[in-house]
Amino acid sequence: MKEVGHFIGGKAVAGTSGRFGPIFDPATGEETGRVAFASAAEVDAAVRAAKSAQPAWAEQTVLRRMRVMFKLKEVIERNADRLARAITAEHGKTLEDARGEVQRGLEVVEFACGLPQLMKGEFSQQVGTGIDILSVRQPLGVCVGITPFNFPVMIPLWMAPLAVACGNGFVLKPSEKDPTAPAILMELFLEAGVPEGLVNLVNGDKETVNALLAHPDVAAISFVGATATAEYIYRTGTAHGKRVQALGGAKNHMVVMPDADLDMAVDALMGAAYGSAGERCMAVSVAVPVGDKVADALIERLAPRVRQLKIGPGTEPGVEMGPLVTREHLEKVRSYVDLGVMEGAELVVDGRDFKMQGYEKGFYLGGCLFDRVTTDMRIYKDEIFGPVLSTVRAKSFDEAVAMINAHEYGNGVAIFTRDGDAARAFANAVNIGMVGINVPIPVPVAFHGFGGWKRSLFGDHHTHGMEGVRFYTKLKAITARWPTGIRAGAEFSMPQLR
Ligand code: NAD
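No experiment lies behind these values; they were computed from the predicted model shown. (Residues numbered from 1 in each chain as written. Predicted model: local features only at pLDDT ≥ 70, side-chain atom pairs only at ≥ 80, totals over all residues. Heavy atoms only, no water.)

### Focus on the overall build of the chain
Defined as follows: A helix here means a DSSP run of H or I that spans at least four residues, while a strand means a run of E at least two residues long, and both kinds are numbered starting from the N terminus. Throughout this description, buried means an accessible area under 20% of the type-specific maximum (1.4 Å probe, protein chains only), exposed means over 50%, and partly exposed covers the range between. Should any heavy atoms of two residues lie within 4.5 Å, those residues are counted as being in contact. In this tally Asp and Glu are treated as negative and Lys and Arg as positive; neither His nor the chain ends contributes. A single reference atom marks each charge: NZ on Lys, CZ on Arg, CG on Asp, CD on Glu.
The helix and strand tally for the chain stands at 16 helices and 23 strands. Viewed in the frame of its principal axes, the chain has a C-alpha envelope of about 85 × 55 × 40 Å. Residues classed as buried in the chain amount to 56% of the 498 residues present. Contacts spanning at least 24 positions in sequence make up 72% of the contacts within the chain whose residues lie at least 6 apart. Across the chain, the 53 positively charged side chains and the 57 negatively charged ones have centroids separated by 6 Å.

This is the structure in C-alpha cells:
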C-alpha cells in the first residue's frame with residue numbers, strides 16, 4: 001500500500017497529523033494506499049518555506065525565471081507518460097485522455113515561457129515637465145492553489161507555473177482522491193530548477209484548507225472545484241483579506257439547431273457527455289435540440305451509440321469511458337438517474353446495471369440518456385458530474401437561449417448550426433463564460449483566460465492567459481522626476497501637470 005505525504009521545503013515528507021484518507025483504483029475498486037491530511041502546523045511549515053524562498057526568487061532576472069519554465073516544459077514532457085499513468089490509476093480516466101490532460105497543462109507552462117513579454121510594464125514619458133511614469137507588475141508573495149479530483153495535473157498547472165514565473169512562492173493543496181500525480185509534479189518543479197521551498201504541497205481535507213485560508217502569510221488563493229466549496233473558499237478567503245479566484249461547478253448545454261450537421265453533433269455529444277465519464281467541468285450534460293424533428297432524429301442516433309460505449313479500465317486500449325472516481329460518487333450519480341425516473345423524465349438508455357466482467361468491484365456505470373427532461377427537474381438543475389446526458393426539447397432558438405440564461409451555472413455552452421447569423425446572435429446573447437460554435441467543449445487555449453460566469457466563478461479573474469498574470473501580480477505605478485534644474489517650488493494645491 002502506497003502512502004502519499006506532503007512536499008515541504010524541497011522534500012517529500014510523511015504526514016504527522018495521524019489523519020489519513022484512502023486512495024482507490026477506480027478500475028478495480030481496490031484500496032491502493034492512503035494520503036496524509038496536513039495539520040495547521042504542517043500547513044504553516046509549507047507557507048513558511050514558500051515565504052522564505054520567495055524574495056530571492058523574485059529578485060532573479062526575468063530571463064532566469066523564464067529559463068526555468070523552459071526547463072519545466074522539457075521535464076514534464078519527459079515525464080508525461082508517468083504522469084498520465086498516475087492519473088489513470090487514481091482517477092480512472094483512459095490513458096489517452098490522461099495524456100491529453102498533461103498536454104493541456106503543459107500548454108500553460110509554454111505560455112509562462114513568454115514571461116518577459118507577459119511581465120512588460122507600461123511607460124509614459126514627459127507626463128509633466130521632466131516627469132515620467134511607469135507601471136510595473138510585482139509578485140504577491142505566497143499564493144495557494146486548491147484543486148479538484150478531475151484534472152489532478154492540468155489544474156495545478158493552470159496555477160503553479162504562472163504564479164511561480166511571476167515571482168511568487170506557491171503551496172498546492174490537491175484533491176485527496178488522486179494525490180500521486182500532483183506529488184510527481186513537485187519533483188519535476190525541483191528538477192527544473194525551481195528553488196527548494198518555493199513550491200510546496202500539502203494534502204488534506206477541510207481542516208487543511210481552513211488553515212490555508214486563515215494563514216496570515218498567504219496573499220492569494222486560486223480554487224477550482226464544486227460551487228458550494230468555491231463559494232465557501234471565496235467568502236472565507238476574502239474575509240481574511242486575500243485575493244481569491246474560485247471556479248465552481250457547471251451545467252453545460254449544447255443547442256442543436258435544425259440546420260446542424262447532425263452526424264457532427266452526435267459525435268460531439270458522445271465525446272463531450274461521456275468522455276472522462278462526464279467528470280469534466282466542461283462536459284455537456286444537457287442537449288437542447290430545437291424542434292421535435294431534430295430531437296427525434298438526435299435521440300434515434302444517440303441511443304445506440306450510448307448503448308455501445310466501450311467501457312472498461314482506463315489502461316485498456318480502445319476503451320472510451322473508464323469508471324467513476326469513487327464508489328461514493330458512483331452511488332451519487334446512480335441516485336440522480338433514479339431521481340430522473342421518479343421526476344418523470346424518459347430514460348432512453350439505462351446504464352445503472354452495467355457490470356464490467358472481471359472488474360466487478362470497479363466503480364463503473366453505463367452511459368445514461370434521458371429525453372423529455374424539463375427545467376423544473378432536479379436532474380436538470382443540479383450538476384450530476386457523471387455519464388448522464390439530459391435532453392431538454394426547445395421549441396425555438398429564443399426558448400433555448402432563455403433556458404440557458406436562466407440556469408444558475410454559466411461555465412460553458414455550445415451551439416451546432418450552419419447559420420452564421422444564429423451562431424453570432426447566440427454567442428452574443430448567452431450569459432456564459434465560454435462559448436463553442438460547432439465546438440462542444442470550448443476550453444480556451446492557455447494564452448486566453450478560462451472561466452465561467454454566474455455561480456461557476458467567484459472573483460474577478462479567470463485563470464491562465466493574461467488574466468492569470470494579472471491575478472498573480474499587483475500593479476505598481478512609479479512617477480519619477482529627476483533634478484534637471486526645473487524647480488517648481490513647494491506645491492500646496494493638487495499638482496497640475498503641464
Ligand atoms: P470539491 O469542491 O469537492 O473539492 C475541490 C477541492 O476542495 C479539493 O481539494 C477538496 O479537498 C477541497 N474541499 C472539498 N470540500 C471542502 C470543504 N467543505 N471545505 C474546504 N475544502 C474542501 O470538488 P471535486 O469533487 O474535487 O471536483 C469536482 C467539481 O469541480 C465539479 O463541481 C466540477 O464542475 C468542478 N470543476 C470546475 C472546474 C472549472 O473550471 N470551473 C474545473 C474542474 C472541476
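### With respect to the state of the cysteines
Which entries qualify depends on this criterion: Only a pair of cysteine sulfur atoms within 2.5 Å qualifies as a disulfide here.
Overall, the coordinates contain 0 disulfides when judged by the stated rule. Just so you know, cysteine 113 is unpaired, no disulfide at all, and the nearest cysteine sulfur is the one on cysteine 166, 13 Å from it. Taking the relative accessible area as the measure of exposure, cysteine 113 reaches 7% and is therefore buried. Between cysteine 143, a free cysteine, and cysteine 166, which holds the nearest cysteine sulfur, the sulfur-to-sulfur gap is 8.6 Å. Exposure remark for cysteine 143: the relative accessible area of 0% places this residue in the buried category.

### Quick notes on the sheet that holds strand β15 (residues 346-349)
Keep this limit in mind: Two strands are counted as paired when DSSP detects at least two bridges linking them. Geometry is summarised by axes, namely lines fitted to C-alpha atoms with helices restricted to the contacting stretch, and by angles between N-to-C directions that run from 0 to 180 degrees.
If you walk across this open sheet you meet the 7 strands as β15-β16-β17-β14-β13-β19-β20, and the pairing is mixed. Where the open sheet ends on each side, the last strands, each with one partner, are β15 and β20 (434-437). Each neighbouring strand pair of the sheet contributes to a mean axis angle of 20 degrees, computed without reference to strand direction. Of the pairings in the sheet, the one linking strand β13 (residues 252-256) to strand β19 (residues 412-416) comprises 4 bridges and is parallel in character.

### Some words on the site of the ligand
Applied cut-off: Whether a residue is near a molecule or strand is decided by its heavy atoms; if any one of them lies within 4 Å of it, the residue is near. We define a polar contact as two N or O atoms separated by no more than 3.5 Å, with the added condition that, inside protein, one atom must be a possible hydrogen donor and the other a possible acceptor, whereas residues neighbouring each other in sequence contribute only through side-chain atom pairs. Reported accessibility uses the Shrake-Rupley method at a 1.4 Å probe radius. Residues are deemed covered only where the shown protein chains occlude them. Lys, Arg, Asp and Glu make up the charged group, whereas Ala, Val, Leu, Ile, Met, Phe, Trp, Tyr, Cys and Pro make up the nonpolar group; the residues left over, Gly among them, are polar. An automatic or database domain assignment supplies the start and end points of every domain.
In the vicinity of the ligand lie 29 residues, with Lys173, Glu176, Thr229, Gly248 and Glu383 positioned nearest. Here an oxygen atom of the ligand sits 2.8 Å away from a polar atom, N or O, in the main chain of threonine 147. The contact in question runs from an oxygen atom of the ligand to an N or O atom on the side chain of threonine 229, over 2.7 Å. For the ligand, the protein covers 88% of the area, taking 830 Å² as the surface of the free molecule. At the level of elements, α6 (154-165), α8 (206-214), β11 (218-224) and α9 (227-239) are the ones that each hand at least two residues to the shell around the ligand. Across the shell around the ligand, the residue classes tally to 16 nonpolar, 9 polar and 4 charged. When residues of the shell around the ligand are assigned to domains, at least three map to each of domain 1 (2-248 + 456-478) and domain 2 (252-437).

### Digging into the packing of aromatic side chains
The description of an aromatic ring pair rests on the distance of the ring centres and on the angle between the ring planes. Definition in use: Each Phe, Tyr or Trp ring, with Trp reduced to its six-membered ring, pairs with another whose centre is within 6.5 Å; inter-plane angles below 30 degrees give stacked pairs, above 60 give edge-to-face pairs, and intermediate values give tilted ones.
Counted by the stated rule, this structure contains 7 aromatic pairs. With 5.9 Å between their ring centres and 90 degrees between their planes, phenylalanine 149 and phenylalanine 385 make a pair best called edge-to-face. Of the two residues, phenylalanine 149 is situated in the loop between β8 (142-146) and α6 and phenylalanine 385 in the loop between α13 (378-381) and β17 (388-391); the sequence distance between them amounts to 236 residues. Look at phenylalanine 385 and you get buried, because its relative accessible area is 15%. Ring plane angle 80 degrees and centroid distance 5.2 Å describe the contact between phenylalanine 471 and tyrosine 472, whose orientation is recorded as edge-to-face. Judged by its relative accessible area of 0%, phenylalanine 471 falls in the buried class.

### So, the domain arrangement of the chain
Rules: For any pair of parts, buried area is found by adding up, for both, the accessible area (1.4 Å probe) each one loses once the two are put together. Here, a salt bridge means any side-chain nitrogen of Lys or Arg that lies within 4 Å of a carboxyl oxygen of Asp or Glu.
Per the domain assignment, the segments making up the chain are domain 1 (2-248 + 456-478) and domain 2 (252-437). Spacing between the C-alpha centres of domain 1 and domain 2 amounts to 31 Å. Taken together, the contact between domain 1 and domain 2 spans 20 residues of the former and 24 residues of the latter. Of the roughly 1,800 Å² buried where domain 1 meets domain 2, counting both sides, 63% is carbon and sulfur surface. Scanning the region where domain 1 abuts domain 2 turns up 1 salt bridge. Notably, a salt bridge pairs aspartate 97 with arginine 280, separated by 3.0 Å at the nearest N-O pair. The tally of links from domain 1 across to domain 2 stands at 8 residue pairs in polar contact (both at pLDDT 80 or more).

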